[in-house]
Amino acid sequence: IEKLDYPLGVIAYEASNSLVLSIRYAGELFDKNIIEHLLSIIRVLLEQISVNPNQGVEELSYLDKEQYKQVIEEWNKTEREYPDNKTIQQLFEEQVERTPDSIAVVYEEKRLTYRELNERANQLAHYLIERYNIKADTLIVLCLDRNEHMLIAILAVLKAGGAYVPMDSHYPDERIKYILEDTASKVVLTNEVYKGRLESLTSGVDFRGIVAIDSEETQEELKAQSIKNPAILTNNNNLAYVIYTSGTTGNPKGVMIAHKGVISLVKNVGYISIDSKDIVVQLADIAFDAATFEIWSVL
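Enquirer: Now, about helix 4 (residues 114-132): what can you tell me, with residues and values included?
Expert: Since one α-helical turn is 3.6 residues long, residues separated by three or four positions face the same way. In a regular helix each residue adds 1.5 Å, so 19 residues correspond to 27 Å; helix 4 covers 26 Å between its end C-alpha atoms and thus fits that length. Regarding helix 4, the residues found buried are Y114, L117, N118, A121, N122, Q123, L124, A125, H126, Y127, L128 and Y132. Positioned one or two residues after helix 4, N133 has a phi angle of 50°, which is positive.

Here it is in structure tokens:
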């Protein structure tokens, strides 16, 4: 009688010129299929060793032909058609045409329809184009709290032809200053509460402007701008955004993501279906890449 305190135990011993393998496992933790898979790996290995006892471990295969086909071929059939000839803002504007009166974003008591979100993003986009001469791949830093202004700003930057650089307002001053200098951003879109801090960090730097998009002054200026969609001058190979790494191995690195990368992530993905009846909570920080799927798969 043998008792093991481990959830899984494999014992091998010789008996009558044979090699005997005994597997004992906790049935509440492992189902029969897992154990049978483990046994099949052992069988595959032993069969190879019996043919050539002198081969190195690196030469052994852990999968038989059927398993190899499943793992390498069947599980990797991830090719899917997606609109790889369009930009993010194009796809959003098409959605606006389809569902103009549906709710696009909810923040506390505020609700914006697709039409309202699009028009407000258009006004900010025209404002940026007019004042800062935005071109394709122009980097624009965002230092915004998670509210409706964040989504308006993201869309506006793309509609203006630029690429957004999300930055967490809780970053230390040194990191914020580094990102501002490294991007050479023409303008920072922020909340009014952070404007003074950002101005102090950019004093003496060749910098064009800090715009508090939720301030009364800016909101009044935006009302004078057109609500029509700006002309789309970018393509799917242009940058959509740049996210900076943690910088644990030195200075933070800006990771550049093109429009087609975002679109391939959220369109016709095959593993999740989101439709007009769904409500999705946006949890990730804007400066964390997980926010990409949360925002664009919904919009």
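Now that the structure is up, let's keep going.
Enquirer: So, the layout of surface pockets: which residues are in play, and what are the values?
Expert: The calculated volume of the largest pocket comes to roughly 1,200 Å³. Taken together, 42 residues make up the lining of the largest pocket; nearest its centre are A104, Y114, I295, V298 and L299. Going through the elements one at a time, helix 3 (88-98), strand 3 (103-107), helix 5 (148-160), helix 9 (259-266) and helix 10 (290-296) are the ones with two or more residues in the lining of the largest pocket. Across the lining of the largest pocket, the residue classes tally to 25 nonpolar, 10 polar and seven charged.

Enquirer: Give me the pairing of strand 9 (residues 239-244): which residues, what numbers.
Expert: With respect to burial, strand 9 is a largely interior element, six of its six residues being buried. Note: strand 9 against strand 10 (residues 254-258), five bridges, orientation antiparallel. Each residue of the ladder has a partner; that of I243, found in strand 10, is V255.

Enquirer: Give a detailed account of the environment of T292, specifying residues and quantitative values.
Expert: Within the secondary structure, T292 is located in helix 10. C-alpha separation for the pair T292 and R98, spaced 194 residues apart in sequence, amounts to 22 Å. The residues contacting T292, other than those within four sequence positions of it, are Y241, V262, L265, V266 and S297. Among the polar contacts listed, one links the side chain of T292 to the side chain of Y241, at a separation of 3.0 Å.

Enquirer: Explain the confidence of the model for the protein residue by residue, including any values.
Expert: For the protein, per-residue confidence averages 91 on the pLDDT scale, and residues scoring 70 or more make up 98% of the total. The lowest-confidence element of the protein is strand 2 (residues 18-25), averaging 87 in pLDDT; the highest-confidence one is helix 5, averaging 97.

Enquirer: Describe the packing of aromatic side chains, listing the residues and the values that go with them.
Expert: Here the structure, examined in full by the defined rule, presents two aromatic pairs. Over the aromatic face of Y171 sits the side chain of R175, whose NZ or CZ is 4.4 Å from the ring centroid.

Enquirer: So what's going on with the pairing of strand 7 (residues 187-190)? Which residues, and what values?
Expert: The side-chain alternation of strand 7 yields two buried faces, one formed by V187 and L189 and the other by V188 and T190. Taken together, the three bridges between strand 5 (residues 139-143) and strand 7 define a ladder with parallel strand orientation. The partner of L142 across the bridge, within strand 7, is L189. Summarising the sheet, strand 7 and strand 8 (residues 209-212) pair through four bridges and their orientation is parallel. Looking at strand 8, one finds that V188 is bridged to I210.

Enquirer: Tell me about the environment of Q225, residues and numbers included.
Expert: Along the chain, the position of Q225 falls in the loop between helix 8 (216-223) and strand 9. Here Q225 falls in the buried class, since its relative accessible area comes to 13%. Linking Q225 and G209, residues 16 residues apart in sequence, is a C-alpha distance of 19 Å. Aside from chain neighbours lying at most four places away, what touches Q225 is Q123, H126, Y127, E130 and R131.

Enquirer: A description of the nonpolar core should follow, citing residues and the corresponding values.
Expert: Grouped together as the largest cluster of nonpolar side chains are 48 residues, with contacts concentrated most on L124, L128, L142, L189 and W296. Among the elements that take part in this core, helix 5 stands out by supplying 10 residues, more than any other. If sequence neighbours within four positions are ignored, L124 has contacts with I152, A153, A156, L189, I213 and L222. Within the second largest apolar cluster, 18 residues are counted, among which are V141, M167, Y171 and L180.

Enquirer: Go over helix 7 (residues 192-201), please, and point to the residues and values.
Expert: Turning to helix 7, its buried residues number three or more, namely Y194, L198 and L201. Burial along helix 7 is one-sided: seen end-on, the buried residues are contained in an arc of 50°. Structurally, helix 7 contributes buried residues whose contacts are with strand 5, helix 6 (173-183), strand 7 and strand 8.

Enquirer: Describe unusual backbone geometry, with residues and values.
Expert: The phi dihedral of N17 falls on the positive side, at around 60°, and the residue is not glycine. Tracing the sequence through the fold places N17 in the loop between strand 1 (8-15) and strand 2. Residue class for N17 comes out exposed when judged on its relative accessible area of 87%. Non-glycine residue D137 carries a positive phi angle of around 70°. Residue D137 is classed as partly exposed on the basis of its relative accessible area of 35%.

Definitions and limits used
Residues numbered from 1 in each chain as written. Predicted model: local features only at pLDDT ≥ 70, side-chain atom pairs only at ≥ 80, totals over all residues. Heavy atoms only, no water. Helix = DSSP H or I, 4+ residues; strand = E, 2+ residues; numbered from the N terminus. Expected span 1.5 Å × (residues − 1). Buried < 20%, exposed > 50% of the residue type's maximum accessible area, 1.4 Å probe, protein only. 1 Å grid on protein atoms, 1.4 Å probe; cavity = no way out; pocket = protein on both sides within 12 Å on 5 of 7 lines; lining within 4 Å. Points joined across faces, edges and corners; volume = space filled by probe spheres on them. Nonpolar A, V, L, I, M, F, W, Y, C, P; charged D, E, K, R; others polar. Pairing = 2+ DSSP bridges. Contact = heavy atoms within 4.5 Å. Polar contact = N/O pair within 3.5 Å; in protein donor to acceptor, adjacent residues only side chain to side chain. pLDDT = per-residue confidence, 0-100. Phe/Tyr/Trp six-rings, centres within 6.5 Å; stacked < 30°, edge-to-face > 60°. Lys NZ or Arg CZ within 6 Å of the ring centre and 35° of its normal. Core = buried A, V, L, I, M, F, W, Y, C linked by side-chain atoms within 4.5 Å. Arc of directions from axis to C-beta.

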